[in-house]
Every structure is written in C-alpha cells, then in structure tokens.
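# Fold and contact review
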Amino acid sequence: QGSDRTVALDDFSDSQYRQNFKDYVKKVAKKYCPKYLGIGSEVNTYYDAHPDEFENFVTLYKESYEIAKQECPSVKIFTTMQYEQLINALKQNKQGAHWNIINKFQQDYFAISTHPSGGVFAKPSDMPSNYYSQIREHSNLPVVIAESSWSSDTEYYGSEQGQADFIKRIPEMTKNLGLKLWIWWFVYDVKGSGLDFAPYFQMLGILNRDGTPKPAS
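Thresholds, definitions, all that
Residues numbered from 1 in each chain as written. Predicted model: local features only at pLDDT ≥ 70, side-chain atom pairs only at ≥ 80, totals over all residues. Heavy atoms only, no water. Buried < 20%, exposed > 50% of the residue type's maximum accessible area, 1.4 Å probe, protein only. Helix = DSSP H or I, 4+ residues; strand = E, 2+ residues; numbered from the N terminus. Pairing = 2+ DSSP bridges. Phe/Tyr/Trp six-rings, centres within 6.5 Å; stacked < 30°, edge-to-face > 60°. Right-handed = clockwise from strand over helix to strand, strands pointing away. Salt bridge = Lys/Arg side-chain N within 4 Å of Asp/Glu carboxyl O.

Let's shift gears to the pairing of strand β4 (residues 110–114). The buried fraction of β4 is high, at five of five residues. Burial along β4 is two-sided: the residues Phe110, Ile112 and Thr114 and Ala111 and Ser113 are all buried. Direction of pairing for strand β3 (residues 80–82) relative to β4: parallel, over a ladder of three bridges. By the bridge assignment, Gln82 is partnered in β4 with Ser113.

Right under this line is the structure:
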C-alpha cells in the first residue's frame with residue numbers, strides 16, 4: 001500500500017512483497033481464525049524450478065506461520081507439496097526427489113496434492129501399497145490430502161472405474177498416516193462448461209456436469 005512500485009508475484013526476497021504477504025496472512029488469521037490455514041500451494045514445484053531462491057520463501061513462510069499463530073493460536077498451519085513431483089514419480093525433476101525440503105517448514109500437518117492418474121499409473125491397482133505410507137520415512141506429522149483426483153477421461157489416462165477404485169484405495173493406503181483432511185478436487189466435471197481448466201482437469205468430478213452420478217459417487 002502507498003507505493004506504485006511493481007513487484008514480481010514470485011519475488012519472495014522483495015521487502016514490499018513479503019510485507020504484503022504477511023499482512024494478508026495476519027488479516028485472514030485475525031478475521032476468521034480458521035481451523036486450517038495453508039500457506040503456499042505445491043511449493044516444491046517452485047523449489048524444483050528455482051532452488052537458489054527457495055530459501056526466501058522458506059523464511060517468509062516461517063514469519064507468516066508465527067504471525068498466524070499469534071492471531072489465532074488454535075489454527076493448524078501447513079504448506080502443500082505436489083506429491084507426484086515430491087517423489088519424482090515421472091523422473092522429470094531437475095532436483096530429483098524433494099524429501100530434503102519438507103522439514104524446512106514448521107508445520108502442524110504434512111499436506112500434499114496428489115493426481116496419480118496423470119500419466120503415472122494406468123489404474124489404481126498399479127499403485128504400490130506404500131505409495132503414500134512412505135511419507136512416514138520422512139515425517140511423523142498427521143497428513144492432509146489438500147487436493148486429489150483421478151480423471152475419468154480415457155484420453156488422459158483415466159476411466160470412471162479407475163476413479164471409483166482410487167477412492168476406495170485411499171483409506172487403505174493412508175490408514176497409518178493419521179489422515180486429518182481429504183479434499184477431492186471437483187465434485188462435478190467441467191468439460192463443456194466453458195471454464196478455463198487444463199484438459200486433464202476437465203473430467204475429475206465424481207458427478208457428471210449434469211449432476212448424474214459416476215461409479216465413484
């Protein structure tokens with residue numbers, strides 16, 4: 001506020017950006033005192049692309065965590081990791097697997113997004129039983145699935161039955177992780193709606209766009 005200076009949206013070293021970020025965290029925590037607060041989404045993707053700049057986000061997160069706790073001591077705070085990239089499932093990471101960064105963050109829960117049908121597995125039965133439980137080798141925190149999906153679009157490695165099978169497998173594969181929250185990305189499909197989502201995300205709903213059910217529902 002009070003400045004016309006342009007700030008890059010990912011420049012976590014910029015003092016104005018950092019202050020604006022922390023002010024917003026403070027405002028949310030003070031006004032709403034939410035049960036959960038995620039600070040940063042899929043931050044390991046930023047680490048993989050900008051490893052030399054990542055520590056700037058880590059320190060900003062730490063300062064924001066402390067501010068939020070001061071305003072709302074009961075809030076459970078975490079950042080999220082994109083799980084398939086975290087474990088380097090597609091072998092495309094510049095930095096390899098990202099387990100080394102997860103303990104840089106003071107967190108109440110360990111939170112992930114997970115989309116394993118996006119070219120990683122053809123069907124849920126192909127997923128190893130320890131696909132998620134391997135988290136325990138790196139963190140003892142309760143787990144949050146902050147975003148999840150299995151596409152029902154056959155053009156993008158999915159199927160309606162695969163979607164239903166994945167939803168059935170999640171409780172078993174996460175049974176020892178103290179799962180606190182599990183969010184499915186879309187209730188309804190958005191394909192044909194005119195909404196601007198990438199092709200993979202068009203058919204993630206457990207209901208068709210007209211509200212008719214799929215096997216997963």
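Enumeration over the complete set of coordinates arrives at 23 aromatic pairs. A centroid spacing of 6.0 Å and a plane angle of 55° characterise the contact between Phe57 and Phe105, whose relative ring orientation is tilted. With a gap of 48 residues between them, Phe57 in helix α3 (residues 54–71) and Phe105 in the loop between α4 (83–86) and β4 connect regions that are remote in the sequence. A relative accessible area of 4% places Phe57 in the buried class. Owing to a relative accessible area of 6%, Phe105 belongs among the buried residues under this scheme. Aromatic pair Tyr200 and Phe201: ring centres 5.3 Å apart, planes at 85°, arrangement edge-to-face. Here Phe201 falls in the partly exposed class, since its relative accessible area comes to 23%.

Before going further, it helps to spend a moment on the pairing of strand β5 (residues 143–148). With five of six residues buried, β5 lies mostly within the body of the structure. With five bridges connecting them, β4 and β5 associate as parallel partners. Bridge pairing links Ala111 to Val144 in β5. Here β5 runs beside strand β6 (residues 181–182); their pairing, made up of two bridges, is parallel. Counted as the bridge partner of Val144 is Leu181 from β6. The β-α-β motif built from β5, the intervening helix α5 (residues 160–173) and the parallel element β6 has right-handed crossover chirality.

Here we take up the pattern of salt bridges. Across all of its chains, the model carries nine salt bridges by this definition. One salt bridge connects Glu172 with Lys175, and the closest N-O pair in it is separated by 3.0 Å. Under the relative-accessibility criterion, Glu172 is labelled partly exposed at 49%. Residues joined in a network through salt bridges with shared partners are Arg18, Lys22 and Glu63.

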